[in-house]
Amino acid sequence: MSDSLMRLRVEKLIWRGRGLARPADAPVVIVEPGVLPGEEIQARITKRHKDYLRAKCETVLEPASERRPHPCPASPACGGCRFGITSQRTQLALKQAIMADTLRRHLGKEVPASVLESPQVVPSPKGWRYRWRGQLHVHQGQPHLLGQGSHAKVPIERCLLFARPLAEALPRLARDLPDGRHTVAASPVDHAVASALETHRLSLPLPGGLAVDVLPQTFFQANQSLNPTLVEHIRSWCPAGSRVADLYAGAGNFGLPLAQAGNPVFAVEGDGPALQAARTTAARSGLDHWQGRQADLRHERAWKPILEFQPDVVVADPPRSGSGPVCRHLLHIPSLERIIWISCDLTNSARDVRSFLTQGWQLTSLALFDMFPQTWHMEGVFILDRRGSNG
Ligand SMILES: C[S@@+](CC[C@H](N)C(=O)[O-])C[C@H]1O[C@@H](n2cnc3c(N)ncnc32)[C@H](O)[C@@H]1O
């Protein structure tokens, strides 16, 4: 074998779905996604760091019994769904192991292993065609997705992650869009499709018979098959009648159903049109104990009305880019008994959660929602209670 080729046994998967191998006679090797634990592979070393090597699998010499052919013809050139090489059940077991591993490293001293290792795990009803919102790269009027680990544009006719009405509309949407990256979305109610450059509203269902009409650029949970279960869980974690501050509220995905269940809700969201969509639904549905503010949670002045509202519970669903100074402010709300922290980036969130654990809060439970099947991404929910409170 040449100097840059190595025969490796993948020990486990780590953050971002990468493989980890510990050869006897070389430093640890981190392998690009697309391998499974237990597999023997031939890998090409792509980078040498001081303590570890980076590699890319060239050949799977001994496949894991859980490996299956990837069902999408665009894989592996397209980087969208590298976990598609195994069943959804195996993917979920892998995600649970990655979650435990990641949180053990960041929170291991503060949290009992039993909490980190046995989260509530909630699968997605749909494994494919679950995305009602996503990113499209347009090049010369044709729809593309970005290649794995590169900026190469992969022509894509029918992405298997997009819900069918959205997938079928990709060529038409791309024809009318300038070159570049665009958000595209569809309504699970009437299957209307739009790009973020358009201004007609898309109707989204919410639990309890509610609906919210959003502009195409507005954030909403892409996996609409699992979202109702996520919302129901959030609702069950908010004690009846508790006063809830819904931070990073979007178009009211959590706050509106909570208000409908009888909780007074104070929603804060930075995006004006998203908040306006929630406000319209609240007014139309007679939810007068729902109130909303457009504010940037990084700014000091956003916090005065939250303090005055005296929440018992905070539901916080920050963007992937992180939450800024939010933890510091939350620690200074005397009325607060519970924080429900929803996270699509466990490493960022672990840092935030850690700051609560060191200031008199405890992690009482943990959940993993498989919002992004076929990819390594996962949604974690941390339930934090003030020490000494019974939630
Ligand atoms: C992950 S989304 C969650 C939205 C909503 N909870 C849901 O489930 O649909 C994060 C939201 O935070 C908003 N946001 C991002 N940064 C913010 C900030 N600094 N202040 C207030 N809102 C912000 C975004 O506009 C987006 O709607």
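Note that this is a predicted model, so its numbers are computed, not measured.

Here's the deal with the site of the ligand
Here comes step 1: Contacts to the ligand come from 17 residues, most closely from Y248, G250, N253, G270 and D317.
Here comes step 2: In terms of residue class, the shell around the ligand is made up of 8 nonpolar, 4 polar and 5 charged.

As for the pairing of strand β20 (residues 361–369)
Here comes step 1: Bridge count for strand β7 (residues 120–122) against β20 is 3 bridges, and the pairing is parallel. Counterpart to V121 in the pairing with β20 is L368.
Here comes step 2: Summarising the sheet, β20 and strand β21 (residues 379–386) pair through 8 bridges and their orientation is antiparallel. When the sheet's bridge partners are listed, L366 is paired in β21 with F382.

A word on the domain arrangement of the protein chain
Here comes step 1: Domain assignment breaks the protein chain into domain 1 (5–67), domain 2 (88–126 + 219–386) and domain 3 (133–205).
Here comes step 2: The C-alpha-based centres of domain 1 and domain 3 are spaced at 33 Å.

As for the pairing of strand β15 (residues 244–247)
Here comes step 1: Because side chains alternate across β15, one face comprises the buried residues V244 and D246, and the other comprises A245 and L247, equally buried.
Here comes step 2: In this view, the connection linking β15 to its parallel neighbour strand β16 (residues 265–269) by way of helix α5 (residues 255–260) has right-handed handedness.
Here comes step 3: When β15 meets strand β18 (residues 313–316), the two strands line up parallel, connected through 4 bridges. Bridge pairing links A245 to V314 in β18.

Overview of the UniProt feature "active site" (unreviewed entry) in the protein chain
Here comes step 1: Feature annotation in UniProt assigns "active site" (unreviewed entry) to the following positions: C344.
Here comes step 2: Tracing the backbone through its elements, the reader meets C344 in the loop between β19 (338–343) and α9 (346–357).
Here comes step 3: What makes C344 partly exposed here is the crowd of 18 C-beta atoms within 10 Å.
Here comes step 4: Sequence-distant contacts of C344, defined by excluding residues within four places in its chain, comprise R320, H377 and E379.

A word on the environment of G388
Here comes step 1: Mapped onto the secondary structure, G388 falls in the segment after β21.
Here comes step 2: The spacing of G388 and E337 is 51 residues in sequence and 9.6 Å in space, taken between C-alpha atoms.

Some details on the environment of A211
Here comes step 1: Within the fold, A211 resides in strand β14 (residues 210–214).
Here comes step 2: For A211, a count of 14 C-beta atoms within 10 Å puts it in the partly exposed group.
Here comes step 3: Discounting residues that sit within four places of it in the chain, A211 has contacts with V189, S203, L204, P205, L206 and T281.

Structural notes on the sheet that holds β21
Here comes step 1: Spatial strand order, β7-β20-β21-β19-β18-β15-β16-β17: 8 strands in an open sheet with mixed pairing. Looking along the sheet, the strands with just one partner apiece sit at the ends: β7 and β17 (290–294). Strand-to-strand twist in this sheet, taken as the mean axis angle between neighbours without regard to direction, amounts to 15°.
Here comes step 2: Note: β15 against β16, 4 bridges, orientation parallel. Bridge pairing in β16 places L247 opposite V268.
Here comes step 3: Taken strand by strand, helix α6 (residues 272–284) contacts β16 and β17, and its axis lies near 165° from that of β17.

Calculation notes
Residues numbered from 1 in each chain as written. Predicted model: local features only at pLDDT ≥ 70, side-chain atom pairs only at ≥ 80, totals over all residues. Near = placed C-beta within 6 Å. Nonpolar A, V, L, I, M, F, W, Y, C, P; charged D, E, K, R; others polar. Pairing = 2+ DSSP bridges. Helix = DSSP H or I, 4+ residues; strand = E, 2+ residues; numbered from the N terminus. Domains from an automatic or database assignment. Buried ≥ 20, exposed ≤ 12 C-beta atoms within 10 Å, placed from the backbone. Right-handed = clockwise from strand over helix to strand, strands pointing away. UniProt positions renumbered as here; feature names shortened; annotations may be inferred. Contact = placed C-beta atoms within 7 Å. Axes fitted to C-alpha atoms, helices over the stretch in contact; angles between N-to-C directions.

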